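Secondary and tertiary structure notes
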Amino acid sequence: MNIGASLSILLVLSTVHAFQYNQLAQYVDEHQEEYVEALRDWVAVESDSSNVLRRPELHRMMEMVAQKLQQMGGAVESVDVGDQELPDRQTLALPKVVTARFGSDPNKHTLCVYGHVDVQPAKLEDGWATEPFNLTEINGNLYGRGASDNKAPVLAWMHAVEAYQKLSMALPVNVKFIIEGMEETGSNGLEAMILAQKDTFFSDVDYIVVSDCGWLSRRPAITYGTRGNCYFLAEVHGPKQDLHSGVYGGTVIEPMTDLIGILDTLISPSGKILIPGIQEAVAPLSDDEWRMYQDIEFDVDDYKNKIGVSKLMYSNKVDLLAHKWRYPTVSIHGIEGAFSDPGTKTVIPSKVCAKFSIRQVPNMDPTVVEKKVSDHLHSVFSKRQSPNTLKVSMVIGAKPWLADIHHPLFEAGKAAIKRVFSVDPDLIREGGTIPISRTFQDVTGKSIIMMPIGGFDDGLHSQNEKMSRYNYIEGTKLFIAFLNELSQITEAAV
Ligand SMILES: C[C@H](N)C(=O)N[C@@H](Cc1c[nH]cn1)C(=O)O
């Protein structure tokens, strides 16, 4: 075929694709109220994976996911991934992992969509302006726990597939789903399931997409890296029961004082990690990275205003982005056993348990980090010569993930964003963790892309989490466009 003929075919194809996309996008606009109602039904389920009392809700949530995929005509399976062992040695059934398949045309690429439908805890009294589990729309924003992380993005992927079905248009690629209910607590059970299904469910998967993160600004983004996370418990046990601080204070070596003392040796006020051997492992920032960060849209003042602080750890954009995405950090989350209710109880708690985590970046290794942290805490604790006892355990050890941005998947993502939003995306990293992303890459050997649709100000894990109606609806269109762009990846390009 001569060049002229090839160009004519390409032109015809691109006109057909544009026509199809416009029809699909119109369908999405016309069905947006249904999409909001679907999100309302999902947000109403308090699928908090960290609270064992909410486990029945989590099971119900997974059944709703399976039901939705079945109604869409998918080949659905609810996979039993076993039990979770609780700190008191009791066991509890893990939520099933739901898989589904739409299409098995060997001549088409197969995309696997990963998402989760468990959420972080939320209570009105934490300072929410609306009931967290009652989706409430205010000024185009849909407020509710899990709206952005990750229920709306999961639904948006389902709406995208459904739009093709409803308009009787063939899906441009085969689509598989793998939806879990334990992401917020480290994806318990999922790694073993992926290993077990490597040669079955995953055998024909070409690419994996994750939409469990957000844009950095108002500019749409593609995410090519996530930090991992090592989550620790440090327990200090002392007297056999809580004591009156007036009666016993001054005579007893208090577990809380020991705990605060050792926690204070983890990180300096200027953010330097003080645990020997942690910072040393980190891959240095390359010149290429430095240059990439320069071009990213990120307004430091906007960022400060959004979180309501007058000063940040660093004042320039590149340092902030680097420390948000590709350097480790220690965060102290809470202390179990500490008195935290309103009022002025004067107790000396007999045992306290601190929870802290260290975000992981290339080239850190969670097993090495576990040992370094445990050795360090035991060493500083022993110097205190306390009669109390210390136990350190790592309960989550998730590795960081980094993609090859030169893979054609990223070109497909960019083209889809251009089609829907008429701009080029920012290529960004995510400071948070998607525990299973690295496992997907290591076990299946497939390429992963993250296509976020959450806004930069969605308040994930925080009070007043929201997903904007705009991002939810345009995000659905983005996924539709992405399916089409994927179908055009040629073997030669991979
Ligand atoms: C990025 C994702 N939406 C998210 O928030 N993930 C959690 C997962 C996690 C990490 N450690 C325990 N759970 C997060 O980054 O906190």
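Preceding block: the structure.
This report concerns the structure included in the present document. The structure displayed is predicted, hence computed values, not measured ones.

1. Notes on the nonpolar core
- The biggest cluster of nonpolar side chains holds 142 residues, and the ones touching the most others in it are Leu69, Leu111, Phe177, Ile178, Leu377, Tyr472 and Phe482.
- With 11 residues, helix α4 (residues 147-166) is the single largest residue contributor to this core.
- Each of domain 1 (14-226 + 400-486) and domain 2 (229-283 + 326-397) gives at least three residues to this core.
- Ignoring any residue separated from it by four or fewer positions in sequence, one finds Leu69 in contact with Gly74, Val76, Val98, Ala100, Phe102, Met158 and Phe177.

2. Comments concerning the packing of α4 against helix α14 (residues 469-487)
- Taken N-terminus to C-terminus, the directions of α4 and α14 make an angle of 55°; their axes are 8 Å apart at the nearest point. One finds that α4 runs oblique with respect to α14. The two elements α4 and α14 cross, and the hand of that crossing is right-handed. Where α4 abuts α14, its residues Ala152, Pro153, Leu155, Ala156, Trp157, His159, Ala160, Ala163 and Tyr164 lie against Tyr472, Thr476, Phe479, Ile480, Phe482, Leu483 and Asn484.

3. Here we look at unusual backbone geometry
- Note that the residue after Asp149, namely Asn150, is joined by a cis bond; omega there is 15°.
- Within the secondary structure, Asn150 sits in helix α4.
- With an omega of 0°, the peptide bond between Pro362 and Asn363 qualifies as cis.
- Structurally, Asn363 is set in the loop between β15 (351-360) and α11 (366-383).
- Here the phi dihedral of Ser168 falls at roughly 50°; this positive angle occurs in a residue that is not glycine.
- Of note, Ser168 is situated in the loop between α4 and β8 (174-180).
- Ser168 gets classed as exposed once you look at its relative accessible area, which sits at 67%.
- Residue Asn464 is not a glycine yet carries a positive backbone phi of 55°.

Reading guide: rules and limits
- Residues numbered from 1 in each chain as written.
- Predicted model: local features only at pLDDT ≥ 70, side-chain atom pairs only at ≥ 80, totals over all residues.
- Heavy atoms only, no water.
- Core = buried A, V, L, I, M, F, W, Y, C linked by side-chain atoms within 4.5 Å.
- Buried < 20%, exposed > 50% of the residue type's maximum accessible area, 1.4 Å probe, protein only.
- Helix = DSSP H or I, 4+ residues; strand = E, 2+ residues; numbered from the N terminus.
- Domains from an automatic or database assignment.
- Contact = heavy atoms within 4.5 Å.
- Axes fitted to C-alpha atoms, helices over the stretch in contact; angles between N-to-C directions.
- Parallel < 35°, antiparallel > 145°, perpendicular 65-115°, else oblique.
- Left-handed = near helix turned anticlockwise from the far one by under 90°.

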